[in-house]
Amino acid sequence: MKFRILTVTEYEKYKLAIPNPKRRFWLDPVGFPQDKHYPVVDDDGMKNRFGELPDNQTIGLRPVIEFDGEGASMEKGDKVELYGYKWTAVDEHILVCDEIIGDYKFADKTCLFKDSYLCYMLHQLMNERSDKGTAEQFLAAQKAKKASGLPAVSSEVFSIDEVYRKSQDWENGTFMGMASGVAVSALGLVYGGMGIGSFLADPGLGIIPKLAIAGVAIIAGAFLSIRSAIKHKKESRKKFITKLAKITDMTDEQAQLVAEGMEVFPTAAIKDEELKNSFAKINNLIARIRAAENRRINMKIDTFYIPETQKVYDVCMQFEADDIDSPQAREYNKMAKESLEKTIQLLIIEYDKSNEEKVQDISFDMGVKQKMLDQKDTEQSMSLTLK
């Protein structure tokens, strides 16, 4: 999978199949323009006769995602929503963005697109918006659907971000529970404040029952609110999986696997099997550690392990996109594998730590049961002795 822009030939071929953003945008000349003027499409959707110099900063960037035959299977006209933008499929492997995502210069001087400032900005912008549903996530869903024997692409818009946002809507029951909890706590605070006010005006022991009632109300309200928040979180997760399964025609189990893969480092677009397996292990370890719900270790995951691994992941994806076998690429590939192996070893340690309490509970439970058995044996022995 790679990010790029439309070539002149592609635009002429596909222009009737894609929306006109009514703004000027760059095309890739696939080479070095002889007159140093790069091809541009005007507001009316027609290619400009003369083009523009590469350092013109008022021309738009219109991205293309090409899957390189990695399993995507689309039909012309299919709509997809990724990275917060809508895209149109122009063939089974190519998506063209329906809009311009910003105005940028092509480059400071004549160069190929892969070496241009425009290419650099395209990758930066896509990385920044990866929480809106990435191409790797879309591809993972496509492959899961293919494996299930279902059509790979629906004509509906594929929007992970939209599905997630809708799944976070509060149901009436949980919302009323949260509202009731807040209201009860607020009444407790008001009643406690009135009690303190009356005590200041006329000190006496009468404030004790008032403060007790206020404290009970505050605690009860907090309990209702927390219980509603936990219930909402569980229901939202369940709704997200169900809706994701529905929009992609997958089973709930397949949707859950895809959804869990989305949370950290998607592996569908990684060609190197060793790197892919390492990121898959890290994804699985993080998911299992999160399931243990150890707040301290989860904070360490969020503040250290994920940001540090993300740096490795981003550079890996950059080298994957460049697809150039250079000494530097080989050296980084080796360093990345060593770094990921150390991360896996550390995460295994964190996994054991996150489950220490469960192991201790089992150990304690075994000890209690053993004492009960020992006591039973002793009682039986004493009974036999007395007889």
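Keep in mind that what you see is a predicted model, and the values were worked out from it rather than measured.

Conventions used here
Residues numbered from 1 in each chain as written. Predicted model: local features only at pLDDT ≥ 70, side-chain atom pairs only at ≥ 80, totals over all residues. Heavy atoms only, no water. Helix = DSSP H or I, 4+ residues; strand = E, 2+ residues; numbered from the N terminus. Areas by Shrake-Rupley, 256 points an atom, 1.4 Å probe, with all protein chains shown as cover. Contact = heavy atoms within 4.5 Å. Core = buried A, V, L, I, M, F, W, Y, C linked by side-chain atoms within 4.5 Å. Buried < 20%, exposed > 50% of the residue type's maximum accessible area, 1.4 Å probe, protein only. Patch = residues over 30% accessible without salt bridge, like charges linked within 9 Å, V, L, I, M, F, W, Y side chains within 5 Å. Salt bridge = Lys/Arg side-chain N within 4 Å of Asp/Glu carboxyl O. Pairing = 2+ DSSP bridges. Axes fitted to C-alpha atoms, helices over the stretch in contact; angles between N-to-C directions. Parallel < 35°, antiparallel > 145°, perpendicular 65-115°, else oblique. Left-handed = near helix turned anticlockwise from the far one by under 90°. Nonpolar A, V, L, I, M, F, W, Y, C, P; charged D, E, K, R; others polar. pLDDT = per-residue confidence, 0-100. Phe/Tyr/Trp six-rings, centres within 6.5 Å; stacked < 30°, edge-to-face > 60°.

The next subject is the overall build of the protein. In terms of regular secondary structure, the protein is built from eleven helices and seven strands. About 22400 Å² of surface is accessible on the protein, with carbon and sulfur atoms providing 57% of the total.

Glancing now at the side chain of serine 278. Here serine 278 lies in helix α8 (residues 273-291). The contact partners of serine 278, leaving out residues within four places of it in the chain, are Leu340 and Ile344.

Here we come to the nonpolar core. If you look at the biggest cluster of nonpolar residues, it comprises 33 residues, and the most contacted ones within it are Ile65, Tyr83, Trp87, Leu95 and Met126. For this core, the secondary structure elements donating two or more residues are β1 (2-5), β5 (79-82), β6 (85-91), β7 (94-97), α2 (117-128) and α3 (135-147). A total of six residues in this core trace back to one element, the largest contributor, which is α2. Aside from chain neighbours lying at most four places away, what touches tyrosine 83 is Phe3, Ile65, Met126, Arg129, Ser130, Lys132, Gly133, Thr134, Ala135 and Glu136. Core analysis: the second largest hydrophobic core is formed by 21 residues, Phe265, Ile270, Phe279 and Tyr305 among them.

With that settled, the discussion passes to the environment of isoleucine 100. Residue position: isoleucine 100 is located in the loop between β7 and α2. Not counting residues within four places of it along the chain, the set of residues in contact with isoleucine 100 comprises Pro21, Arg23, Phe25, Gly60, Leu61 and Arg62.

Together, Ile196, Phe199, Leu200 and Leu211 make up an exposed nonpolar region whose accessible area comes to about 360 Å². At three residues, helix α5 (residues 172-201) tops the list of elements feeding residues into the nonpolar patch. Of note, leucine 211 is situated in helix α6 (residues 207-248). For leucine 211, a relative accessible area of 39% puts it in the partly exposed group.

This part takes up the side chain of histidine 232. With respect to the secondary-structure elements, histidine 232 resides in helix α6. If we ignore the near neighbours within four places in the chain, the residues touching histidine 232 are Gln168, Asp169, Trp170 and Thr174.

What follows deals with the sheet that holds strand β4 (residues 63-66). As summarised here, the arrangement of the five strands in space is β1-β4-β7-β6-β5, forming an open sheet in which the pairing is antiparallel. Each of the sheet's edge strands pairs with one partner strand only, and the pair in question is β1 and β5. On average, adjacent strands in this sheet sit at an angle of 35° to one another, irrespective of strand direction. As paired elements, β6 and β7 share four bridges and run antiparallel to each other. Across the sheet, threonine 88 pairs through a bridge with valine 96, a residue of β7. Together, β1, β4 and β6 form the strand contacts of α2, whose direction differs from that of β1 by roughly 130°.

On to the packing of helix α9 (residues 295-322) against helix α10 (residues 327-354), then. Two elements in contact, α9 and α10, have axes whose closest approach is 10 Å; the angle formed by their N-to-C orientations is 160°. It follows that α9 is roughly antiparallel to α10 by the angle criterion. Once α9 is placed against α10, the crossing between them reads as left-handed. Where α9 abuts α10, its residues Ile297, Lys300, Ile301, Tyr305, Thr309, Lys311, Val312, Val315, Cys316 and Phe319 lie against Gln328, Ala329, Tyr332, Ala336, Ser339, Leu340, Thr343, Leu346, Leu347, Glu350, Lys353 and Ser354. The class makeup of the residues in the contact of α9 with α10 is 13 nonpolar, five polar and four charged.

Let us look at the confidence of the model for the protein. Overall, the prediction assigns the protein a mean pLDDT of 80, with 80% of residues at 70 or greater. In the model, residues 150-159 has pLDDT below 50 throughout and makes 34 contacts with residues more than four positions away in sequence or in other chains.

With that out of the way, let us pick up the packing of aromatic side chains. Counted according to the given criterion, the structure contains ten aromatic pairs. Between the aromatic rings of phenylalanine 279 and tyrosine 313, the centroid separation amounts to 5.1 Å while the plane-to-plane angle is 90°, which identifies the pairing as edge-to-face. One end of the pair, phenylalanine 279, is in helix α8; the other, tyrosine 313, is in helix α9, and 34 residues separate them in sequence. The exposure classification of phenylalanine 279 matches that of tyrosine 313, with both residues buried. Between phenylalanine 319 and tyrosine 332 the ring centres are 5.5 Å apart and the planes differ by 20°, which places this aromatic pair in the stacked class. With phenylalanine 319 in helix α9 and tyrosine 332 in helix α10, this pair connects stretches of sequence that are 13 residues apart. A relative accessible area of 18% means that tyrosine 332 is categorised as buried.

In contact at an axis separation of 10 Å, α8 and α10 are set at 20° when each is read in the N-to-C sense. Relative to α10, the element α8 lies roughly parallel. α10 is crossed by α8, and the crossing has left-handed handedness. Of the residues in α10, those touching α8 at Glu274, Leu275, Ser278, Phe279, Lys281, Ile282, Leu285, Ile286, Arg288 and Ile289 are Asn333, Ala336, Lys337, Leu340, Thr343, Ile344, Leu347, Ile348, Glu350, Tyr351 and Ser354. Among the residues forming the contact of α8 with α10, the class breakdown is twelve nonpolar, four polar and five charged.

A separate point is unusual backbone geometry. Trans peptide bonds make up most of the peptide bonds, and negative phi angles are found at most residues other than glycine. A positive phi angle is found at valine 30, which is not glycine, with a value near 55°. Of note, valine 30 is situated in the loop between β2 (25-26) and β3 (40-41). You will see that tyrosine 83, though not glycine, has its phi angle at about 55°, which is positive. Within the secondary structure layout, tyrosine 83 lies in the loop between β5 and β6. A relative accessible area of 2% means that tyrosine 83 is categorised as buried.

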